[in-house]
Amino acid sequence: MRFLPVFLDLQAGPVLLVGAGDLARAKLRLLASAGARIRWYATDGSHELSGLNPKEAGLIELADGDPLTANLTGVIAILCAGAGDVGAAMSARAKSVGLPVNVMDDLSHSTFIFPAIVDRGEVVVAVGTGGASPVVARRVRERIEAVLPARIGDLASFIGRWRKSVHGRIPEFPLRRRFWERVVDGPIGALVLAGRATEAEAALKDITDPGAFAGAERGGKAEGSVALVGAGPGDPDLLTVKALRALQDADVIFYDELVSPEVLDRARRDAARIPVGRRVGKPGIGQVAINALMIEAAKAGQRAVRLKGGDPFVFGRGGEEIEALRQAGVNYSVVPGITAGLGGAAQFEVPLTYRHEALRITFLTAHKAKDAETVDWSTLTDEKMTVVVYMGMTAAGSVRAGLLAAGRSPRTPVGVFARVTRPDAEAAVGTLDELPDLVQRIKGGPAILIIGEVVARSAPWRHSNLNQIVSELLDAAE
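These numbers come from a predicted model, not from an experiment.

## Looking at the overall build of the protein
Along its length, the protein carries 18 helices and 17 strands. Computed over its C-alpha atoms, the radius of gyration of the protein comes to 30 Å, more than 25% above the 23 Å expected for a compact globule of 478 residues. Overall, the C-alpha framework of the protein stretches about 90 × 80 × 40 Å when taken along its three principal axes. Taking all 478 residues of the protein together, 42% fall into the buried category. Long-range contacts, defined here as pairs at least 24 residues apart, represent 64% of the contacts in the protein between residues at least 6 apart. Carbon and sulfur atoms provide 53% of the accessible area of the protein, an area that totals close to 24900 Å². Each charge class in the protein can be summarised by its mean position, and for the 56 positive and 55 negative side chains these summaries are 4 Å apart.

## Some words on the sheet that holds strand 15 (residues 413-418)
A sheet is described by the order of its strands in space; here 5 strands give the open sequence 13-14-17-15-16, paired in mixed fashion. Each edge of the open sheet is held by one strand with a lone partner, namely strand 13 (360-365) and strand 16 (426-431). Across the sheet, the mean angle separating the axes of adjacent strands is 15° when strand polarity is ignored.

## As for the sheet that holds strand 12 (residues 332-335)
Ordered in space as 10-9-11-8-12, the 5 strands form an open sheet in which the pairing is parallel. Looking at which strands have only one partner, the edges of the open sheet turn out to be strand 10 (272-275) and strand 12. Taken over all neighbouring pairs, the strand axes of this sheet differ in orientation by 20° on average, direction set aside. Pairing analysis gives 4 bridges linking strand 9 (residues 252-255) to strand 10, with the strands arranged parallel. Across the sheet, residue Tyr255 finds its bridge partner in strand 10, namely Pro275. Helix 10 (residues 241-249) contacts strand 8 (225-230), strand 9, strand 11 (303-308) and strand 12 of the sheet and is inclined by roughly 130° relative to strand 11.

## Some points on unusual backbone geometry
The omega torsion of the bond from Gly445 to Pro446 falls at 0°, within 30 degrees of zero and hence cis. Here Pro446 shows up in the loop between helix 17 (435-440) and strand 17 (447-451). Its identity as a non-glycine residue notwithstanding, Phe315 has a phi of 55°, on the positive side. Counting through the fold element by element, Phe315 comes out in the loop between strand 11 and helix 13 (318-327).

## Some remarks on the packing of helix 5 (residues 152-167) against helix 8 (residues 197-205)
In contact at an axis separation of 12 Å, helix 5 and helix 8 are set at 30° when each is read in the N-to-C sense. One way to sum up the angle between helix 5 and helix 8 is to call them roughly parallel. The way helix 5 lies across helix 8 gives a crossing that is right-handed. For the pair formed by helix 5 and helix 8, the contact residues are Phe158, Arg161 and Trp162 on the first element and Ala197, Ala200, Glu201, Leu204 and Lys205 on the second. The residue inventory of the contact of helix 5 with helix 8, partitioned by class, reads 5 nonpolar, no polar and 3 charged.

## Focus: the packing of aromatic side chains
Summed over the entire model, instances satisfying the criterion amount to 6 aromatic pairs. Clustering of aromatic rings is evident, with ring pairs tying together Phe179, Trp180 and Phe213. When the ring centre of Phe114 is taken as origin, the NZ or CZ atom of Lys27, which lies over that ring, is 4.3 Å away.

## Notes on a nonpolar patch on the surface
Taken together, Phe7, Leu30, Ile117 and Val124 make up a surface patch of nonpolar side chains, about 330 Å² in accessible area. Residue class for Val124 comes out partly exposed when judged on its relative accessible area of 33%.

## Examining the nonpolar core
By size, the foremost hydrophobic cluster in this structure holds 24 residues, and its most contacted members are Val389, Val399, Val416 and Leu435. Contributions of two or more residues to this core are made by strand 14 (385-390), helix 16 (396-406), strand 15, helix 17 and strand 17. Judged by nonpolar contacts, the second largest core, of 19 residues, contains Ile152, Leu155, Phe158 and Ala200.

## Description of the pattern of salt bridges
Inspection of the entire model under this criterion finds 24 salt bridges. Of the charged contacts in the structure, one is a salt bridge between Glu61 and Arg39, with a shortest N-O distance of 3.2 Å. Within this pair, whereas Glu61 is found in strand 3 (residues 60-63), its partner Arg39 is found in strand 2 (residues 38-42), the two being separated by 22 residues in sequence. For Glu61, a relative accessible area of 41% corresponds to the partly exposed category. Its relative accessible area of 15% is what places Arg39 among the buried residues. A salt bridge links Arg196 to Glu199; the nearest nitrogen and oxygen atoms lie 2.8 Å apart. Note on Arg196: relative accessible area 40%, which makes it partly exposed. You can call Glu199 partly exposed: its relative accessible area is 41%. One salt-bridge network, in which partners are shared between bridges, spans Arg177, Arg178, Asp251, Arg268 and Asp270.

## Overview of the environment of Arg269
Assignment of secondary structure puts Arg269 in the loop between helix 11 (261-264) and strand 10. A relative accessible area of 68% places Arg269 in the exposed class. C-alpha of Arg269 to C-alpha of Gln248: the two residues are 21 residues apart in sequence and 8.4 Å apart in space.

## Here we look at helix 13
If you check which residues of helix 13 are buried, you get Gly318, Glu321, Ile322, Ala324 and Leu325. Buried residues of helix 13, viewed axially, fall in a sector of 155°; they line one side. Elements in contact with the buried residues of helix 13: strand 8, helix 12 (287-299), strand 11 and strand 12. Directly after helix 13, the chain includes Gly329, whose backbone phi takes a positive value near 75°.

Conventions adopted
Residues numbered from 1 in each chain as written. Predicted model: local features only at pLDDT ≥ 70, side-chain atom pairs only at ≥ 80, totals over all residues. Heavy atoms only, no water. Helix = DSSP H or I, 4+ residues; strand = E, 2+ residues; numbered from the N terminus. Rg over C-alpha atoms; globule rule 2.2 N^0.38 Å. Buried < 20%, exposed > 50% of the residue type's maximum accessible area, 1.4 Å probe, protein only. Contact = heavy atoms within 4.5 Å. Areas by Shrake-Rupley, 256 points an atom, 1.4 Å probe, with all protein chains shown as cover. Lys, Arg positive; Asp, Glu negative; His and termini not counted. Charge placed at Lys NZ, Arg CZ, Asp CG, Glu CD. Pairing = 2+ DSSP bridges. Axes fitted to C-alpha atoms, helices over the stretch in contact; angles between N-to-C directions. Parallel < 35°, antiparallel > 145°, perpendicular 65-115°, else oblique. Left-handed = near helix turned anticlockwise from the far one by under 90°. Nonpolar A, V, L, I, M, F, W, Y, C, P; charged D, E, K, R; others polar. Phe/Tyr/Trp six-rings, centres within 6.5 Å; stacked < 30°, edge-to-face > 60°. Lys NZ or Arg CZ within 6 Å of the ring centre and 35° of its normal. Patch = residues over 30% accessible without salt bridge, like charges linked within 9 Å, V, L, I, M, F, W, Y side chains within 5 Å. Salt bridge = Lys/Arg side-chain N within 4 Å of Asp/Glu carboxyl O. Core = buried A, V, L, I, M, F, W, Y, C linked by side-chain atoms within 4.5 Å. Arc of directions from axis to C-beta.

Quick look at the structure:
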(Lines give C-alpha, C1' and ligand atoms only; values in the text may rest on other atoms or scores of the structure.)
Protein backbone atom coordinates (compact mmCIF):
# COMPACT_ATOMS: atom_id res chain seq x y z
CA MET A 1 0.00 0.00 0.00
CA ARG A 2 1.84 3.07 -1.28
CA PHE A 3 -0.98 5.59 -0.68
CA LEU A 4 -2.60 5.76 2.76
CA PRO A 5 -6.30 6.67 2.51
CA VAL A 6 -7.00 9.82 4.54
CA PHE A 7 -9.87 12.31 4.61
CA LEU A 8 -9.04 16.00 4.19
CA ASP A 9 -11.02 18.55 6.21
CA LEU A 10 -12.17 20.96 3.51
CA GLN A 11 -13.32 23.47 6.12
CA ALA A 12 -9.74 24.04 7.26
CA GLY A 13 -8.79 26.30 4.34
CA PRO A 14 -8.97 26.83 0.58
CA VAL A 15 -7.83 24.39 -2.08
CA LEU A 16 -5.75 25.90 -4.86
CA LEU A 17 -6.76 24.57 -8.30
CA VAL A 18 -4.51 25.18 -11.31
CA GLY A 19 -5.64 24.23 -14.80
CA ALA A 20 -8.20 24.68 -17.54
CA GLY A 21 -10.74 22.95 -19.75
CA ASP A 22 -13.03 20.03 -18.95
CA LEU A 23 -10.50 18.41 -16.61
CA ALA A 24 -10.33 21.47 -14.37
CA ARG A 25 -14.10 21.96 -14.42
CA ALA A 26 -14.63 18.33 -13.41
CA LYS A 27 -12.44 18.89 -10.34
CA LEU A 28 -14.28 22.15 -9.63
CA ARG A 29 -17.58 20.28 -9.51
CA LEU A 30 -16.14 17.56 -7.26
CA LEU A 31 -14.58 20.02 -4.80
CA ALA A 32 -17.60 22.34 -4.77
CA SER A 33 -20.03 19.47 -4.17
CA ALA A 34 -17.99 18.62 -1.07
CA GLY A 35 -18.24 22.21 0.19
CA ALA A 36 -14.60 23.14 -0.43
CA ARG A 37 -13.47 26.72 -0.86
CA ILE A 38 -11.54 26.85 -4.12
CA ARG A 39 -9.03 29.36 -5.48
CA TRP A 40 -8.88 28.73 -9.24
CA TYR A 41 -6.04 29.79 -11.49
CA ALA A 42 -7.25 29.12 -15.05
CA THR A 43 -4.13 28.58 -17.12
CA ASP A 44 -5.97 29.47 -20.34
CA GLY A 45 -7.47 32.63 -18.84
CA SER A 46 -11.07 31.33 -19.12
CA HIS A 47 -13.01 31.06 -15.85
CA GLU A 48 -16.03 29.30 -17.38
CA LEU A 49 -18.37 28.01 -14.62
CA SER A 50 -21.05 26.31 -16.70
CA GLY A 51 -22.57 23.27 -15.08
CA LEU A 52 -22.22 24.59 -11.51
CA ASN A 53 -25.21 25.83 -9.53
CA PRO A 54 -25.07 29.28 -7.85
CA LYS A 55 -24.25 27.80 -4.44
CA GLU A 56 -21.28 25.84 -5.82
CA ALA A 57 -20.10 28.80 -7.91
CA GLY A 58 -20.13 30.93 -4.79
CA LEU A 59 -17.40 28.74 -3.28
CA ILE A 60 -14.96 29.53 -6.08
CA GLU A 61 -12.52 32.45 -6.00
CA LEU A 62 -11.45 33.33 -9.56
CA ALA A 63 -7.75 34.15 -9.31
CA ASP A 64 -5.57 35.98 -11.83
CA GLY A 65 -1.82 36.09 -12.22
CA ASP A 66 0.88 33.49 -12.13
CA PRO A 67 0.04 30.53 -9.82
CA LEU A 68 3.76 29.89 -9.39
CA THR A 69 4.05 33.14 -7.41
CA ALA A 70 0.65 32.92 -5.68
CA ASN A 71 0.35 33.45 -1.95
CA LEU A 72 -0.08 30.02 -0.39
CA THR A 73 -0.89 31.19 3.14
CA GLY A 74 -3.73 29.10 4.53
CA VAL A 75 -3.93 26.82 1.48
CA ILE A 76 -4.49 23.19 2.52
CA ALA A 77 -3.80 21.44 -0.80
CA ILE A 78 -2.89 22.10 -4.42
CA LEU A 79 -4.54 20.39 -7.36
CA CYS A 80 -3.46 20.60 -11.00
CA ALA A 81 -5.85 19.41 -13.72
CA GLY A 82 -5.34 20.29 -17.35
CA ALA A 83 -2.41 22.45 -16.27
CA GLY A 84 0.15 21.28 -18.83
CA ASP A 85 3.79 22.00 -17.97
CA VAL A 86 2.72 24.25 -15.09
CA GLY A 87 1.70 21.13 -13.16
CA ALA A 88 5.26 19.89 -12.60
CA ALA A 89 6.41 23.36 -11.54
CA MET A 90 3.50 23.73 -9.10
CA SER A 91 4.32 20.29 -7.69
CA ALA A 92 7.88 21.38 -6.96
CA ARG A 93 6.65 24.52 -5.24
CA ALA A 94 4.06 22.63 -3.16
CA LYS A 95 6.63 20.09 -2.04
CA SER A 96 9.07 22.85 -1.06
CA VAL A 97 6.58 24.24 1.44
CA GLY A 98 5.15 20.90 2.58
CA LEU A 99 1.71 21.15 0.94
CA PRO A 100 -0.02 18.03 -0.44
CA VAL A 101 -0.25 18.21 -4.22
CA ASN A 102 -1.98 16.24 -6.96
CA VAL A 103 -1.06 16.58 -10.62
CA MET A 104 -3.74 14.74 -12.53
CA ASP A 105 -2.50 11.53 -14.23
CA ASP A 106 1.06 12.20 -13.05
CA LEU A 107 2.04 10.05 -10.06
CA SER A 108 5.66 11.19 -10.11
CA HIS A 109 4.63 14.76 -9.27
CA SER A 110 1.78 13.90 -6.86
CA THR A 111 1.86 13.34 -3.11
CA PHE A 112 -1.82 12.37 -3.01
CA ILE A 113 -4.33 10.93 -5.46
CA PHE A 114 -8.09 11.14 -5.88
CA PRO A 115 -9.94 7.89 -5.23
CA ALA A 116 -13.24 6.75 -6.67
CA ILE A 117 -15.84 7.92 -4.16
CA VAL A 118 -19.09 6.50 -2.84
CA ASP A 119 -20.91 9.37 -1.12
CA ARG A 120 -23.68 8.59 1.37
CA GLY A 121 -23.60 11.78 3.39
CA GLU A 122 -21.82 11.02 6.65
CA VAL A 123 -20.56 7.75 5.15
CA VAL A 124 -17.94 8.16 2.45
CA VAL A 125 -16.15 5.21 0.86
CA ALA A 126 -12.91 5.84 -1.05
CA VAL A 127 -11.60 3.28 -3.53
CA GLY A 128 -8.09 3.62 -4.91
CA THR A 129 -5.66 1.63 -7.02
CA GLY A 130 -2.58 3.73 -6.30
CA GLY A 131 -3.20 5.56 -9.55
CA ALA A 132 -2.58 2.41 -11.56
CA SER A 133 -6.10 1.92 -12.91
CA PRO A 134 -8.89 4.43 -12.28
CA VAL A 135 -11.21 2.19 -14.32
CA VAL A 136 -10.76 -0.67 -11.86
CA ALA A 137 -11.43 1.75 -8.98
CA ARG A 138 -14.65 2.89 -10.67
CA ARG A 139 -15.80 -0.69 -11.18
CA VAL A 140 -15.21 -1.46 -7.49
CA ARG A 141 -17.10 1.70 -6.58
CA GLU A 142 -20.04 0.56 -8.72
CA ARG A 143 -20.13 -2.76 -6.84
CA ILE A 144 -20.13 -0.94 -3.50
CA GLU A 145 -22.82 1.48 -4.69
CA ALA A 146 -25.01 -1.49 -5.54
CA VAL A 147 -24.83 -3.11 -2.08
CA LEU A 148 -24.51 -0.12 0.27
CA PRO A 149 -27.87 0.96 1.76
CA ALA A 150 -29.04 4.34 0.50
CA ARG A 151 -29.64 5.58 4.07
CA ILE A 152 -26.37 4.35 5.59
CA GLY A 153 -25.33 8.00 5.99
CA ASP A 154 -28.55 8.66 7.93
CA LEU A 155 -27.63 5.82 10.28
CA ALA A 156 -24.21 7.37 10.91
CA SER A 157 -25.84 10.75 11.63
CA PHE A 158 -28.35 9.08 13.96
CA ILE A 159 -25.56 7.48 15.99
CA GLY A 160 -23.61 10.74 16.00
CA ARG A 161 -26.53 12.54 17.65
CA TRP A 162 -26.79 9.95 20.42
CA ARG A 163 -23.14 9.05 20.86
CA LYS A 164 -22.18 11.49 23.61
CA SER A 165 -25.19 10.80 25.82
CA VAL A 166 -24.83 7.02 25.51
CA HIS A 167 -21.09 7.12 26.21
CA GLY A 168 -21.80 9.04 29.40
CA ARG A 169 -23.80 6.04 30.59
CA ILE A 170 -21.32 3.36 29.47
CA PRO A 171 -17.81 4.16 30.74
CA GLU A 172 -16.17 0.97 29.43
CA PHE A 173 -14.97 1.26 25.83
CA PRO A 174 -15.45 -2.40 24.73
CA LEU A 175 -19.01 -2.27 26.02
CA ARG A 176 -19.70 0.94 24.09
CA ARG A 177 -18.59 -0.68 20.87
CA ARG A 178 -20.86 -3.63 21.47
CA PHE A 179 -23.76 -1.31 22.27
CA TRP A 180 -23.46 0.39 18.90
CA GLU A 181 -22.93 -2.90 17.09
CA ARG A 182 -26.25 -4.12 18.45
CA VAL A 183 -27.90 -0.86 17.45
CA VAL A 184 -26.50 -1.02 13.91
CA ASP A 185 -27.15 -4.74 13.40
CA GLY A 186 -30.49 -4.88 15.18
CA PRO A 187 -34.04 -3.51 14.84
CA ILE A 188 -33.07 0.10 15.61
CA GLY A 189 -30.58 0.24 12.74
CA ALA A 190 -33.14 -1.43 10.46
CA LEU A 191 -35.69 1.29 11.32
CA VAL A 192 -33.25 4.06 10.34
CA LEU A 193 -32.33 2.34 7.08
CA ALA A 194 -36.05 1.99 6.30
CA GLY A 195 -36.55 5.74 6.71
CA ARG A 196 -38.35 5.44 10.06
CA ALA A 197 -35.98 7.58 12.10
CA THR A 198 -38.67 8.79 14.53
CA GLU A 199 -39.44 5.21 15.57
CA ALA A 200 -35.73 4.49 15.88
CA GLU A 201 -35.30 7.50 18.18
CA ALA A 202 -38.14 6.25 20.37
CA ALA A 203 -36.68 2.74 20.52
CA LEU A 204 -33.26 4.05 21.57
CA LYS A 205 -34.84 6.23 24.27
CA ASP A 206 -36.59 3.14 25.65
CA ILE A 207 -33.25 1.47 26.46
CA THR A 208 -33.14 2.00 30.23
CA ASP A 209 -29.92 0.03 30.83
CA PRO A 210 -27.42 0.52 27.98
CA GLY A 211 -24.88 -1.79 29.61
CA ALA A 212 -27.34 -4.67 29.80
CA PHE A 213 -28.42 -3.97 26.22
CA ALA A 214 -24.77 -4.30 25.19
CA GLY A 215 -24.49 -7.65 26.98
CA ALA A 216 -22.67 -6.64 30.15
CA GLU A 217 -22.25 -9.09 32.99
CA ARG A 218 -23.48 -8.32 36.49
CA GLY A 219 -20.31 -6.45 37.38
CA GLY A 220 -20.85 -4.07 34.46
CA LYS A 221 -18.03 -5.49 32.37
CA ALA A 222 -18.35 -6.78 28.83
CA GLU A 223 -18.99 -10.50 28.55
CA GLY A 224 -16.11 -12.33 26.90
CA SER A 225 -16.28 -15.19 24.44
CA VAL A 226 -14.16 -17.31 22.11
CA ALA A 227 -14.98 -18.15 18.50
CA LEU A 228 -13.11 -21.04 16.89
CA VAL A 229 -12.97 -19.92 13.28
CA GLY A 230 -11.92 -21.96 10.26
CA ALA A 231 -9.66 -19.85 8.05
CA GLY A 232 -9.74 -22.28 5.15
CA PRO A 233 -6.60 -23.36 3.25
CA GLY A 234 -5.39 -19.87 2.32
CA ASP A 235 -7.61 -18.08 -0.19
CA PRO A 236 -9.32 -15.25 1.76
CA ASP A 237 -12.29 -15.35 -0.63
CA LEU A 238 -13.14 -18.77 0.78
CA LEU A 239 -13.87 -17.36 4.24
CA THR A 240 -17.52 -17.67 5.19
CA VAL A 241 -19.60 -14.57 5.88
CA LYS A 242 -19.82 -15.68 9.51
CA ALA A 243 -16.03 -16.00 9.72
CA LEU A 244 -15.58 -12.48 8.33
CA ARG A 245 -18.03 -11.13 10.89
CA ALA A 246 -16.14 -12.84 13.72
CA LEU A 247 -12.82 -11.40 12.50
CA GLN A 248 -14.33 -7.92 12.30
CA ASP A 249 -15.76 -8.18 15.83
CA ALA A 250 -12.65 -9.65 17.46
CA ASP A 251 -10.66 -7.88 20.15
CA VAL A 252 -7.84 -10.44 19.99
CA ILE A 253 -6.96 -13.12 17.43
CA PHE A 254 -4.89 -16.21 18.23
CA TYR A 255 -3.82 -17.56 14.85
CA ASP A 256 -2.06 -20.63 13.52
CA GLU A 257 1.16 -20.67 11.52
CA LEU A 258 -0.70 -21.81 8.40
CA VAL A 259 -3.18 -18.89 8.37
CA SER A 260 -2.28 -16.75 5.36
CA PRO A 261 -1.51 -13.02 5.69
CA GLU A 262 -4.34 -12.32 3.25
CA VAL A 263 -6.83 -13.90 5.65
CA LEU A 264 -5.44 -11.91 8.60
CA ASP A 265 -5.88 -8.75 6.53
CA ARG A 266 -9.65 -9.29 6.73
CA ALA A 267 -9.59 -8.83 10.52
CA ARG A 268 -10.37 -5.61 12.36
CA ARG A 269 -7.34 -3.34 12.14
CA ASP A 270 -7.03 -2.66 15.87
CA ALA A 271 -7.49 -6.28 16.99
CA ALA A 272 -4.48 -7.74 18.80
CA ARG A 273 -2.90 -10.56 16.78
CA ILE A 274 -1.03 -13.28 18.61
CA PRO A 275 0.66 -16.18 16.76
CA VAL A 276 0.21 -19.48 18.59
CA GLY A 277 0.87 -22.08 15.90
CA ARG A 278 3.90 -24.08 14.96
CA ARG A 279 5.16 -26.08 11.99
CA VAL A 280 6.26 -29.69 12.12
CA GLY A 281 9.75 -30.00 13.58
CA LYS A 282 9.81 -26.43 14.90
CA PRO A 283 9.30 -25.17 18.45
CA GLY A 284 6.03 -23.50 19.31
CA ILE A 285 3.51 -22.81 22.03
CA GLY A 286 1.78 -25.89 23.46
CA GLN A 287 -1.94 -26.64 23.49
CA VAL A 288 -2.29 -26.09 27.24
CA ALA A 289 -0.80 -22.61 26.89
CA ILE A 290 -3.12 -21.81 23.97
CA ASN A 291 -6.13 -22.87 26.01
CA ALA A 292 -4.99 -20.67 28.90
CA LEU A 293 -4.59 -17.62 26.62
CA MET A 294 -8.10 -18.02 25.22
CA ILE A 295 -9.66 -18.46 28.64
CA GLU A 296 -7.76 -15.47 30.04
CA ALA A 297 -8.91 -13.24 27.17
CA ALA A 298 -12.54 -14.27 27.50
CA LYS A 299 -12.57 -13.77 31.28
CA ALA A 300 -11.14 -10.29 30.74
CA GLY A 301 -14.26 -9.45 28.71
CA GLN A 302 -12.63 -9.76 25.27
CA ARG A 303 -14.08 -11.34 22.17
CA ALA A 304 -11.34 -13.74 21.16
CA VAL A 305 -11.01 -15.56 17.86
CA ARG A 306 -9.02 -18.75 17.62
CA LEU A 307 -8.20 -18.66 13.91
CA LYS A 308 -7.26 -22.07 12.57
CA GLY A 309 -6.14 -23.16 9.12
CA GLY A 310 -8.77 -25.21 7.31
CA ASP A 311 -11.60 -26.34 9.59
CA PRO A 312 -11.35 -26.34 13.41
CA PHE A 313 -12.69 -29.89 13.66
CA VAL A 314 -10.55 -31.51 10.93
CA PHE A 315 -7.15 -32.21 12.50
CA GLY A 316 -7.32 -28.78 14.15
CA ARG A 317 -7.69 -29.77 17.83
CA GLY A 318 -10.94 -27.85 17.95
CA GLY A 319 -12.52 -30.55 20.07
CA GLU A 320 -9.80 -30.25 22.71
CA GLU A 321 -10.15 -26.48 22.79
CA ILE A 322 -13.92 -26.35 23.26
CA GLU A 323 -13.55 -28.95 26.01
CA ALA A 324 -11.14 -26.62 27.83
CA LEU A 325 -13.43 -23.63 27.25
CA ARG A 326 -16.46 -25.55 28.46
CA GLN A 327 -14.68 -26.62 31.66
CA ALA A 328 -13.66 -23.00 32.28
CA GLY A 329 -17.24 -21.78 31.85
CA VAL A 330 -16.39 -19.62 28.82
CA ASN A 331 -18.93 -18.88 26.10
CA TYR A 332 -17.77 -20.21 22.76
CA SER A 333 -18.89 -20.81 19.19
CA VAL A 334 -17.49 -22.68 16.22
CA VAL A 335 -17.37 -21.31 12.68
CA PRO A 336 -16.55 -24.03 10.12
CA GLY A 337 -14.03 -23.50 7.37
CA ILE A 338 -13.14 -25.19 4.09
CA THR A 339 -10.68 -27.92 4.91
CA ALA A 340 -7.59 -28.36 2.71
CA GLY A 341 -8.81 -31.67 1.30
CA LEU A 342 -11.93 -30.03 -0.11
CA GLY A 343 -10.13 -26.87 -1.21
CA GLY A 344 -7.43 -28.80 -3.03
CA ALA A 345 -9.93 -31.16 -4.64
CA ALA A 346 -11.92 -28.21 -5.98
CA GLN A 347 -8.89 -26.32 -7.26
CA PHE A 348 -7.36 -29.28 -9.08
CA GLU A 349 -10.67 -30.88 -10.12
CA VAL A 350 -10.32 -34.08 -8.10
CA PRO A 351 -13.83 -35.52 -7.56
CA LEU A 352 -13.35 -37.12 -4.15
CA THR A 353 -16.43 -39.23 -4.81
CA TYR A 354 -17.55 -40.53 -8.19
CA ARG A 355 -20.53 -42.72 -8.99
CA HIS A 356 -19.59 -46.42 -9.25
CA GLU A 357 -15.91 -45.50 -8.85
CA ALA A 358 -15.33 -43.82 -5.47
CA LEU A 359 -18.02 -44.36 -2.85
CA ARG A 360 -16.16 -43.53 0.37
CA ILE A 361 -13.62 -40.99 1.65
CA THR A 362 -11.18 -41.36 4.52
CA PHE A 363 -9.30 -38.41 6.00
CA LEU A 364 -6.19 -39.14 8.04
CA THR A 365 -3.08 -37.34 9.23
CA ALA A 366 0.55 -38.43 9.12
CA HIS A 367 2.97 -35.80 10.41
CA LYS A 368 5.86 -38.20 10.32
CA ALA A 369 6.76 -41.82 9.70
CA LYS A 370 5.79 -43.05 13.15
CA ASP A 371 2.29 -41.60 12.65
CA ALA A 372 1.96 -43.62 9.45
CA GLU A 373 3.07 -46.76 11.28
CA THR A 374 0.11 -46.53 13.65
CA VAL A 375 -2.46 -46.56 10.81
CA ASP A 376 -4.32 -49.80 10.07
CA TRP A 377 -3.73 -49.73 6.32
CA SER A 378 -5.74 -52.90 5.80
CA THR A 379 -8.92 -50.81 6.17
CA LEU A 380 -7.86 -48.54 3.29
CA THR A 381 -7.34 -51.03 0.48
CA ASP A 382 -10.82 -50.75 -1.07
CA GLU A 383 -10.37 -49.51 -4.65
CA LYS A 384 -13.60 -47.51 -4.30
CA MET A 385 -12.24 -45.52 -1.36
CA THR A 386 -10.47 -42.16 -1.74
CA VAL A 387 -7.84 -41.54 0.94
CA VAL A 388 -6.87 -37.97 1.82
CA VAL A 389 -3.70 -37.68 3.90
CA TYR A 390 -2.99 -34.40 5.70
CA MET A 391 0.58 -33.32 6.49
CA GLY A 392 1.85 -36.39 4.70
CA MET A 393 4.91 -35.15 2.82
CA THR A 394 7.43 -36.26 5.44
CA ALA A 395 5.74 -39.64 5.86
CA ALA A 396 5.10 -40.25 2.14
CA GLY A 397 7.45 -43.24 2.05
CA SER A 398 5.72 -44.87 5.01
CA VAL A 399 2.27 -44.15 3.53
CA ARG A 400 3.32 -45.86 0.31
CA ALA A 401 4.83 -48.82 2.14
CA GLY A 402 1.79 -49.28 4.38
CA LEU A 403 -0.71 -49.27 1.54
CA LEU A 404 1.36 -51.55 -0.67
CA ALA A 405 1.93 -54.01 2.16
CA ALA A 406 -1.80 -54.06 2.85
CA GLY A 407 -2.53 -54.90 -0.79
CA ARG A 408 -3.37 -51.63 -2.51
CA SER A 409 -2.24 -51.67 -6.13
CA PRO A 410 1.04 -49.88 -6.89
CA ARG A 411 -0.73 -48.46 -9.99
CA THR A 412 -3.29 -46.59 -7.86
CA PRO A 413 -3.38 -42.94 -8.96
CA VAL A 414 -2.08 -40.47 -6.37
CA GLY A 415 -1.53 -36.74 -6.21
CA VAL A 416 0.48 -34.40 -4.03
CA PHE A 417 -1.28 -31.02 -3.81
CA ALA A 418 0.68 -28.23 -2.13
CA ARG A 419 -0.40 -24.80 -0.81
CA VAL A 420 -3.88 -25.39 -2.14
CA THR A 421 -6.09 -22.40 -3.12
CA ARG A 422 -3.11 -20.03 -2.87
CA PRO A 423 -1.48 -18.31 -5.85
CA ASP A 424 1.59 -20.56 -5.63
CA ALA A 425 -0.34 -23.84 -5.44
CA GLU A 426 1.18 -26.77 -7.32
CA ALA A 427 0.50 -30.44 -7.93
CA ALA A 428 2.40 -33.59 -8.83
CA VAL A 429 0.48 -36.69 -9.94
CA GLY A 430 1.46 -40.27 -10.65
CA THR A 431 1.01 -43.70 -9.10
CA LEU A 432 1.24 -44.96 -5.53
CA ASP A 433 4.54 -46.63 -6.36
CA GLU A 434 5.95 -43.20 -7.33
CA LEU A 435 4.65 -41.31 -4.28
CA PRO A 436 8.03 -40.46 -2.63
CA ASP A 437 9.35 -39.19 -5.97
CA LEU A 438 6.24 -37.05 -6.46
CA VAL A 439 6.84 -35.39 -3.10
CA GLN A 440 10.36 -34.50 -4.18
CA ARG A 441 8.93 -32.57 -7.13
CA ILE A 442 6.99 -30.26 -4.80
CA LYS A 443 8.70 -27.03 -3.70
CA GLY A 444 7.42 -27.15 -0.13
CA GLY A 445 4.26 -27.57 1.91
CA PRO A 446 1.82 -27.57 3.41
CA ALA A 447 0.49 -30.33 1.21
CA ILE A 448 -2.13 -33.06 1.13
CA LEU A 449 -1.93 -36.46 -0.52
CA ILE A 450 -4.97 -37.79 -2.36
CA ILE A 451 -4.94 -41.50 -3.16
CA GLY A 452 -7.52 -43.23 -5.31
CA GLU A 453 -8.87 -43.79 -8.81
CA VAL A 454 -10.48 -40.32 -8.86
CA VAL A 455 -7.04 -38.68 -9.09
CA ALA A 456 -6.93 -39.91 -12.70
CA ARG A 457 -9.89 -37.56 -13.37
CA SER A 458 -8.03 -34.49 -12.07
CA ALA A 459 -6.84 -31.58 -14.20
CA PRO A 460 -3.10 -32.25 -13.49
CA TRP A 461 -3.54 -35.89 -14.55
CA ARG A 462 -5.22 -34.87 -17.82
CA HIS A 463 -2.48 -32.35 -18.52
CA SER A 464 0.21 -34.90 -17.68
CA ASN A 465 -1.28 -37.44 -20.09
CA LEU A 466 -1.63 -34.79 -22.79
CA ASN A 467 2.03 -33.83 -22.40
CA GLN A 468 3.01 -37.50 -22.63
CA ILE A 469 0.97 -37.97 -25.82
CA VAL A 470 2.53 -34.88 -27.40
CA SER A 471 6.01 -36.10 -26.43
CA GLU A 472 5.34 -39.52 -27.98
CA LEU A 473 4.07 -37.91 -31.19
CA LEU A 474 7.18 -35.73 -31.42
CA ASP A 475 9.40 -38.74 -30.85
CA ALA A 476 7.54 -40.63 -33.59
CA ALA A 477 7.90 -37.67 -35.98
CA GLU A 478 11.64 -37.70 -35.52
